[in-house]
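# Geometric and topological summary
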Amino acid sequence: MAMAMEGIAVKLPMKEESNGGSSLRFMKSCQISFVVYRCLFLLFCVLLSRVLLQNLRRSNGVLFFLNGGQGEEMEFTVGVRSNKFVEVPQIIWGLNNQKIALARAALTARKLNRTLLMPKLSASLFYKNTDLLQPIPFDKIFSLDRFNSRCRGFVQIARGSKPREAFVVRKGSGRRWTASKDLAQLDECVRNPDIDRHEVIRLEGKHPFLWHDHWPVNDYASVFECLDLVDELSAEASGVVAKLRAIQNSTKYVAVHMRIEKDWMIHCKKVENRAKIKEGKNLRICSSREEIMQRVSKIPGLEKPSVVYLAVADDLLEDKTLLEGWSQGLVPYEKKNLGVVSTYAKYPYLIKSAIDYEVCLQADVFVGNSFSTFSSLVVLQRTVRKKRGNFGNGCEGTYAYNLEGPGGGSQRWATNMSDSSLAAISYGSNHVSCT
Ligand SMILES: Nc1nc2c(ncn2[C@@H]2O[C@H](COP(=O)(O)OP(=O)(O)OP(=O)(O)O)[C@@H](O)[C@H]2O)c(=O)[nH]1
Ligand SMILES: [Mg+2]
């Protein structure tokens, strides 16, 4: 608007001065060319910046780091098609395995230039007996509107209540089903007009957590930053955080994801033994309660006294002496002595875990296990937020207790955001660092 008005203002006096000298005419024409060039240059800049922003968003989600996560304030016209869909099987396993599966499904839909039909998550933790999985819609846990608004131009999820005609694509499994075969199958779906004309592509086979991983950590991080708990659950998490911050007016708290529950102790010993026998590797996955207490108390510079929240599944815990043996200056709290048992008791497993996740994410200091998917995703989101806020290199106040750090404390921990796959986060790693 401003540019057009400037053009008119120059044109009008042109008529008035038609009898003037040639030097005056020359000066006027220079003035016009200057304005025209300026307009063209401004137009070029606007177009260029739009293209750059869209490409950033489309390429790897780096935009979240650039615009401070306020993606909802920007309108993107380019994005996945909203009239073609991808349907995926019910998503299962632990909370963070489910989040990874959801991100993988959304990124697959993006690869096919389609919107993901809202998947069902699983509220309970049964692995084998699928009748007991208690399907729960995505939008009972995470806000669908906020997801789509934050992820606009990148990935999208649609409510898909009516049955639709679908082309079924069966994903392979086993050793012969390689990553390149998987990718070739996706490419074929995009290239083949007979497949692409279908309104829905229904992906069948093993659940999405086990699909091949074709995307860099940055893409996953962008999807995770679009996940925001629904208001009711976010208020529950804020309630727990407020209680922790109110203890003796400390305002700060340390969260320790004590992965010592029964299911974990069975799993971690199995993985440690297998790695030793098959590869001669000495993985350090299992940490006892005593080891965790030691490594937390010896973190250099940890403020004392400090309130320590123990994120743990009480009903899966065999050791009931959680609060005993903490070194002086560390004041431990779990759900019972914090007075939040009733908050958690209302909900199924998945939601309990989601509330604990939020409490760990917001903690001033977080200490977790580098082989736990729960801990690893907390650390990934803390890294993203610290980098976005320019708080150093992302590992301030974040540690792994299963790895010994300086002075017998815990190892400092930040996610390697330039990793080309999510393997270290999905399956855990001993190689955590802070670079
Ligand atoms: N399983 C379970 N977890 C709970 C409960 N209450 C809180 N949680 C928290 O959720 C964590 C486990 O979350 P999961 O969803 O099983 O973890 P995950 O995402 O599968 O990640 P892994 O640690 O690799 O198993 C626990 O360590 C607690 O911090 C509960 O009643 N049951
Ligand atoms: Mg698990």
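Structural notes, computed from the coordinates. These figures come from a predicted structure and were not determined experimentally.

## Things to note about the pattern of salt bridges
Within the structure shown, the criterion is met by 26 salt bridges. Its salt-bridge partner being Asp-314, residue Lys-335 comes within 3.7 Å of it at the nearest N-O pair. Pair noted here: Lys-335 is in helix H12 (residues 335-338) and Asp-314 is in the loop between strand E9 (306-311) and strand E10 (330-333), with a separation of 21 residues, a long-range link. Relative accessible area serves as the criterion here: at 5%, Lys-335 is assigned to the buried category. Each of Arg-146, Arg-150, Asp-228 and Asp-231 takes part in salt bridges that share partners, so that together they form one network.

## Section: the sheet that holds strand E1 (residues 85-87)
Ordered by their spatial adjacency, 5 strands build an open sheet running E5-E2-E1-E7-E6, and the pairing between neighbours is parallel. The open sheet has two edge strands with one neighbour each: strand E5 (157-158) and strand E6 (166-170). Examined bridge by bridge, E6 and strand E7 (residues 200-204) share 5 bridges and lie parallel to one another. Residue pairing for E7: Ala-166 is matched across the bridge by Val-200. Together, E1, strand E2 (115-117), E5 and E7 form the strand contacts of helix H4 (residues 95-111), whose direction differs from that of E2 by roughly 135°.

## Regarding the state of the cysteines
In total, this model carries 3 disulfides according to the counting rule given. In this model Cys-151 forms its disulfide with Cys-226; the gap between the sulfur atoms is 2.2 Å. Here the S-S torsion is close to 90°, and the disulfide linking Cys-151 with Cys-226 is therefore right-handed. With Cys-151 in the loop between helix H5 (144-150) and E5 and Cys-226 in helix H8 (residues 217-226), this pair connects stretches of sequence that are 75 residues apart. A residue is classified by how much of its surface remains accessible, and Cys-151, at 0% relative accessible area, is buried. The exposure class of Cys-226 is buried, given its relative accessible area of 0%. Each disulfide pairs two cysteine sulfurs, and for Cys-268 the partner residue is Cys-286, the sulfurs being separated by 2.2 Å. Because the torsion about its S-S bond is 120°, the bridge between Cys-268 and Cys-286 counts as right-handed. Taken together, the residues Cys-268 in helix H10 (residues 262-279) and Cys-286 in the loop between H10 and helix H11 (289-297) connect sequence positions 18 residues apart.

## Describing the packing of aromatic side chains
Applying the stated criterion to the full structure yields 6 aromatic pairs. On the numbers, 5.8 Å between centres and 85° between planes, the contact of Phe-138 with Phe-147 is edge-to-face. The class for Phe-138 is buried, based on a relative accessible area of 0%. On the accessibility criterion, Phe-147 (0% relative accessible area) is buried. Through a chain of ring-to-ring contacts, the aromatic side chains of Trp-93, Phe-209 and Tyr-427 assemble into a single cluster. It is Lys-99 that lies over the ring of Tyr-357; its NZ or CZ is 3.3 Å from the centre. The lysine or arginine in question, Lys-335, covers the ring of Tyr-344, its NZ or CZ lying 4.6 Å from the ring centre.

Conventions we followed
Residue positions within a chain follow its written sequence, with the count starting from 1. The naming scheme follows written order: chains are lettered A onward, ligands numbered 1 onward. Since the coordinates come from a predicted model, pLDDT governs what is reported: local features require at least 70, and pairs of side-chain atoms require 80 or more to be given and counted, while whole-chain, interface and lining totals use all residues. Each side-chain value is worked out from all heavy atoms of the structure, with water and hydrogens disregarded. Criterion for a salt bridge: a side-chain nitrogen of Lys or Arg within 4 Å of a carboxyl oxygen of Asp or Glu. Numbered from the N terminus, helices here are DSSP runs of H or I no shorter than four residues, and strands are runs of E no shorter than two. Partly exposed describes any residue whose relative accessible area lies between the buried limit of under 20% and the exposed limit of over 50%, with all areas from a 1.4 Å probe on protein chains only and scaled to the type maximum. We treat two strands as partners when DSSP finds at least two bridges between them. Here a residue-residue contact requires only that any non-hydrogen atoms of the pair lie within 4.5 Å. Geometry is summarised by axes, namely lines fitted to C-alpha atoms with helices restricted to the contacting stretch, and by angles between N-to-C directions that run from 0 to 180 degrees. In this description, the term disulfide denotes a pair of cysteine sulfurs within 2.5 Å. Side-chain rings of Phe, Tyr and Trp, where Trp is taken by its six-membered ring, are said to pair if the distance between their centres is within 6.5 Å; with planes under 30 degrees apart they count as stacked, over 60 as edge-to-face, and otherwise as tilted. Whether a charge sits over a ring comes down to the Lys NZ or Arg CZ being within 6 Å of the ring centre and within 35 degrees of the ring normal.

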